[in-house]
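Chains, contacts and geometry: an overview
For reference, the chains in residue letters:
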Amino acid sequence: MKLIIFGPPGSGKGTQASILAKKNKIPHLSTGDILRSKLEEGDDLGQELSKIMSVGNLVPDSIINPIVADKLLSNDCKNGFILDGYPRNKNQSEFLIDFLKKNNLDIDLIIDFIADTTTVKKRIMERSRIENRSDDNLEVIKTRLDKYFAETQPLAVMFKEKFKDKFFEINATQEITKIQYDIENKLKNA
Ligand code: AMP
């Protein structure tokens, strides 16, 4: 099963992706998590990432594209993957579509988590208290949301046109269990 998940920060896509990944025994490839773990290594790359991520900006494509390509070709992904947080801009989306085609990888489903700004801001602030993430404060959240709506959401529109019935929008303001139920139903027919 190969899935791509779109949705603004705080839309709950990470939570759902990790539930789905466990159930289906496939990796949850969250580019945010991958980059955070690289940042914690504290080397030159880690310091560069820290500067970018702490203010909510996007990490350069030249860093993230090869990381994603390596992961997708790794043995862990031979039975599928859930891509969460990637692609984030036009260059990444072109890179990914080209990469999937070259490697004969067919996406089964794309899920777009739809949530309003007020709901996601509230959720991120709650997560900030629990996880103590340095990029979960109001100013940085605003930058991250602005980036999402300016650069990433238009891609979802493009993917919707390209992938048609493989593209599925979900109301991400619903209860976690209801979202899970809707996704499972959709997967059964994918
Ligand atoms: P996330 O956990 O997905 O909200 O990502 C946290 C941060 O990691 C983002 O604000 C970006 O700085 C960085 N990041 C995650 N995914 C990407 C990506 N696909 N492209 C560029 N930067 C990313």
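Structure: see above.
Source: prediction; values computed, not measured.

Here Tyr148 is to be found in helix H7 (residues 138-163). Each C-alpha atom, one on Tyr148 and one on Val59, is 13 Å from the other, the two residues being 89 residues apart in sequence.

This brings us to the pairing of strand E4 (residues 109-114). With five of six residues buried, E4 lies mostly within the body of the structure. Across four bridges, strand E1 (residues 2-6) lies against E4 in parallel orientation. Considered in E4, the bridge of Leu3 is made with Leu109. Summarising the sheet, E4 and strand E5 (residues 167-171) pair through five bridges and their orientation is parallel. Bridge pairing in E5 links Asp112 to Glu169.

Turning next to the packing of helix H2 (residues 31-40) against helix H3 (residues 44-53). Relative orientation of the contacting elements H2 and H3 amounts to 125°, with a least axis distance of 8 Å. Here H2 lies oblique to H3, going by the angle between them. Mapping the contact onto sequence places Gly32, Leu35, Arg36, Lys38 and Leu39 in H2 and Leu45, Gly46, Leu49, Ser50 and Met53 in H3. The class makeup of the residues in the contact of H2 with H3 is five nonpolar, three polar and two charged.

Ile4, Phe6, Phe81, Leu83, Ile110 and Phe159 are the most contacted members of the largest nonpolar core, which has 32 residues in total. Of all the secondary structure elements, the ones that give two or more residues to this core are E1, H2, H3, helix H4 (61-73), strand E3 (81-84), helix H5 (90-102) and H7. Top element by residues in this core is H4. It accounts for six residues. Once residues lying within four places of it in the same chain are set aside, the contact partners of Phe159 are Ile4, Phe6, Pro87, Ser93, Ile97, Ile110, Lys164 and Phe167.

As a matter of local geometry, the ligand sits amid 16 residues, with Thr31, Asn57, Val59, Gly85 and Gln92 nearest to it. At 2.9 Å from a nitrogen atom of the ligand is found a main-chain nitrogen or oxygen belonging to Gly85. Within the contact set of the ligand, an oxygen atom lies 3.1 Å away from a side-chain nitrogen or oxygen of Arg144. Against a free-state accessible area of 480 Å², the protein chains account for coverage of 96% of the ligand. In this structure the site holding the ligand corresponds to the largest pocket.

Tallied over the full model, the rule gives one cavity of 30 Å³ or more. The calculated volume of the largest cavity comes to roughly 40 Å³. Among the secondary structure elements, those contributing two or more residues to the lining of the largest cavity are E1 and H7.

Attention now goes to the side chain of Lys13. Within the fold, Lys13 resides in helix H1 (residues 13-24). Each residue touching Lys13, except ones within four places of it in the same chain, is listed here: Ile5, Phe6, Gly7, Pro8, Asp84, Gly85 and Phe113.

Taken together, the side chains of Glu40, Glu41, Asp43, Asp44 and Glu48 present a region of like negative charge at the surface. Locating Glu40 in the fold gives a position in helix H2.

Burial analysis of E1 places five of its five residues in the buried class, the great majority of the element. Residues Lys2, Ile4 and Phe6 of E1 are buried on one face, and the alternating residues Leu3 and Ile5, pointing to the opposite face, are buried as well. Pairing geometry for E1 and E3, over four bridges, is parallel. Counterpart to Lys2 in the pairing with E3 is Phe81.

Thresholds, definitions, all that
Residues numbered from 1 in each chain as written. Predicted model: local features only at pLDDT ≥ 70, side-chain atom pairs only at ≥ 80, totals over all residues. Heavy atoms only, no water. Helix = DSSP H or I, 4+ residues; strand = E, 2+ residues; numbered from the N terminus. Buried < 20%, exposed > 50% of the residue type's maximum accessible area, 1.4 Å probe, protein only. Pairing = 2+ DSSP bridges. Axes fitted to C-alpha atoms, helices over the stretch in contact; angles between N-to-C directions. Parallel < 35°, antiparallel > 145°, perpendicular 65-115°, else oblique. Contact = heavy atoms within 4.5 Å. Nonpolar A, V, L, I, M, F, W, Y, C, P; charged D, E, K, R; others polar. Core = buried A, V, L, I, M, F, W, Y, C linked by side-chain atoms within 4.5 Å. Near = heavy atom within 4 Å. Polar contact = N/O pair within 3.5 Å; in protein donor to acceptor, adjacent residues only side chain to side chain. Areas by Shrake-Rupley, 256 points an atom, 1.4 Å probe, with all protein chains shown as cover. 1 Å grid on protein atoms, 1.4 Å probe; cavity = no way out; pocket = protein on both sides within 12 Å on 5 of 7 lines; lining within 4 Å. Sits in = over half its atoms within 2 Å of the grid points. Points joined across faces, edges and corners; volume = space filled by probe spheres on them. Patch = residues over 30% accessible without salt bridge, like charges linked within 9 Å, V, L, I, M, F, W, Y side chains within 5 Å. Salt bridge = Lys/Arg side-chain N within 4 Å of Asp/Glu carboxyl O. Lys, Arg positive; Asp, Glu negative; His and termini not counted. Charge placed at Lys NZ, Arg CZ, Asp CG, Glu CD.

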